[in-house]
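# Commentary on secondary and tertiary structure
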Amino acid sequence: MHAEPSPSEATCPKWCNGVHDHVDGRVVSHRSDASFVPAVERRLEPDGVSFDRVAAGDLTVGVEQRWGDTWVWISPEDSVRRSLVLTVESAHRLHRTLTRIFEDLVP
């Protein structure tokens, strides 16, 4: 017999991948599938001061909704500790600022 989804699962956002964290039988989060963006970044040297190292890898980007708040996360594939977790509004502001910067860079 297939159990009925909880109310939170029944109203998943369209981006939800269907994998949910449960606490006491309640859904506490919705997650999107991760998107991967190839990136080259400048990293600190082991001394923690110099930015002399260049590394290629993927940025992992996704969306999570927890207790009604929606978050956008951006993380290097090899370091969750260096991730950004932003509100949707903050992610929109970042997007607008990057768009302006890139428009100014075009000759």
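Residues numbered from 1 in each chain as written. Predicted model: local features only at pLDDT ≥ 70, side-chain atom pairs only at ≥ 80, totals over all residues. Heavy atoms only, no water.

What follows covers the pairing of strand 5 (residues 69-76). Across eight bridges, strand 4 (residues 53-66) lies against strand 5 in antiparallel orientation. Bridged to Glu64 within strand 5 is Trp71. Connecting strand 4 to the next strand, strand 5, in antiparallel fashion are two residues, including Trp67 with a positive phi near 50°. Across four bridges, strand 5 lies against strand 6 (residues 84-87) in antiparallel orientation. Its bridge partner being in strand 6, Ile74 is matched across the sheet by Leu84. (Pairing = 2+ DSSP bridges. Helix = DSSP H or I, 4+ residues; strand = E, 2+ residues; numbered from the N terminus.)

Looking now at the side chain of Ser29. Here Ser29 is to be found in strand 2 (residues 26-32). Ser29 gets classed as buried once you look at its relative accessible area, which sits at 0%. The residues touching Ser29, leaving out its near neighbours within four places in the chain, are Val19, His20, Asp21, Glu64, Gln65 and Arg66. (Buried < 20%, exposed > 50% of the residue type's maximum accessible area, 1.4 Å probe, protein only. Contact = heavy atoms within 4.5 Å.)

The next subject is the pattern of salt bridges. A side chain of one charge can pair with a side chain of the opposite charge when the charged atoms of the two come close. Summed over the entire model, instances satisfying the criterion amount to three salt bridges. A salt bridge links Arg31 to Glu64; the shortest N-O distance between them is 3.6 Å. Taken together, the positions of Arg31 in strand 2 and Glu64 in strand 4 put the pair 33 residues apart, joining distant regions of the chain. Arg31 sits in the partly exposed class, given a relative accessible area of 26%. By relative accessible area, which is 14% here, Glu64 ends up buried. In the salt-bridge network here, residues are joined through shared partners; they are Arg31, Glu64 and Arg66. (Salt bridge = Lys/Arg side-chain N within 4 Å of Asp/Glu carboxyl O.)

A few words on the environment of Val61. Tracing the sequence through the fold places Val61 in strand 4. If we ignore the near neighbours within four places in the chain, the residues touching Val61 are Asp33, Ala34, Ser35, Val37, Trp73 and Ile74.

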